[in-house]
Amino acid sequence: MNYYPAFLDLRGKKAVVVGGGRVAERKVLSLMEAGAEIIVVSPSLTKRLNRAKADSRIGHLARSYRRGDLRGSFLVIAATDSEQINSRVARDAPALVNVVDVPSECNFIAPSVVRRGPLTVAISTGGASPAMARTLRKELEKTYGPEFSGYLRFARKIRVEALAGIREKAKREGFLKGLASQEILDTLRTEGLRAVKQTIREKLQRLNGS
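Residues numbered from 1 in each chain as written. Predicted model: local features only at pLDDT ≥ 70, side-chain atom pairs only at ≥ 80, totals over all residues. Heavy atoms only, no water.

Draft legend 1. Representation of the packing of helix α7 (residues 182–191) against helix α8 (residues 193–208) within the structure. Direction vectors running N to C along α7 and α8 enclose 140°, while the axes themselves pass 7 Å from each other. What the angle tells us is that α7 and α8 run oblique. Two secondary-structure elements touch here, α7 through Ile184, Thr187, Leu188 and Glu191 and α8 through Leu193, Ala195, Val196 and Ile200. For the contact of α7 with α8, the residue count by class is six nonpolar, one polar and one charged. (Axes fitted to C-alpha atoms, helices over the stretch in contact; angles between N-to-C directions. Helix = DSSP H or I, 4+ residues; strand = E, 2+ residues; numbered from the N terminus. Parallel < 35°, antiparallel > 145°, perpendicular 65-115°, else oblique. Contact = heavy atoms within 4.5 Å. Nonpolar A, V, L, I, M, F, W, Y, C, P; charged D, E, K, R; others polar.)

Draft legend 2. Region of the structure containing helix α5 (residues 147–165). Look at α5: 26 Å from first C-alpha to last across 19 residues, which is about the 27 Å you get at 1.5 Å a residue. Within α5 the residues assigned to the buried category are Phe148, Ser149, Tyr151, Phe154, Ala155, Ile158, Ala162 and Gly165. Looking at the buried side of α5, the elements it contacts are β6 (112–116), α4 (130–143), α6 (169–178), α7 and α8. (Expected span 1.5 Å × (residues − 1). Buried < 20%, exposed > 50% of the residue type's maximum accessible area, 1.4 Å probe, protein only.)

Draft legend 3. The sheet that holds strand β5 (residues 96–99), seen in detail. Taken together, the five strands give an open sheet; going across it, the order is β3-β2-β1-β4-β5, and neighbouring strands pair in parallel fashion. The open sheet has two edge strands, β3 (59–61) and β5, and neither has a second partner. Between one strand and the next, the sheet's axes are offset by a mean angle of 15°, whatever the strand orientation. The pairing of strand β1 (residues 14–18) with strand β4 (residues 75–78) spans four bridges and is parallel. By the bridge assignment for β4, Val16 is matched with Val76. (Pairing = 2+ DSSP bridges.)

Draft legend 4. Fine view of the packing of aromatic side chains. Applying the stated criterion across every chain, the model contains two aromatic pairs. Ring plane angle 75° and centroid distance 5.1 Å describe the contact between Tyr144 and Phe148, whose orientation is recorded as edge-to-face. Arranged with centres 6.3 Å apart and planes meeting at 45°, the rings of Tyr151 and Phe154 form a pair that is tilted. Of this pair, Tyr151 and Phe154 both sit in helix α5, three residues apart, which is roughly one turn of that helix. (Phe/Tyr/Trp six-rings, centres within 6.5 Å; stacked < 30°, edge-to-face > 60°.)

Encoded structure:
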């Protein structure tokens, strides 16, 4: 099966996670990062999920799953250790549903993800080999280290300055394209973020004065 790749805006959207163990915890943490309004349905929770509950970051129905628990949900994840319950959740889900490690029960699958600040790289094998997706993620984590997070935040800021300060269109477009050049990436990896910032700021100053 060929899946259609998409990045979802979950801010303020209701997401229900059925299950309260370690697997459910990983799913909840990702949903929290995305700004979803999360309800967890489970008789018990991991310590980390209990802390999130105490901080009012998630809601909790402290019992087993019941029909109706998914009402009004935008996204549902079934992450219990019961195949029967997970299948019930999949059948009852009103919209997007993911049953962990059972692609045939899902209408979307969650990719393996590398995050570096504004940069998100999603890897999927279409359900053929989740283990390979995880291996590729680890490889990409080495390729795109933490320095990319800081650089992208800087690039966002410098882009605004360039749009306001460089009058000539051709020079402005050239500068913006240069922010993503191979030369910049190589310098970022070999000399670090400070060197890249200095190089780009010096170039911007020259163009602003032209």
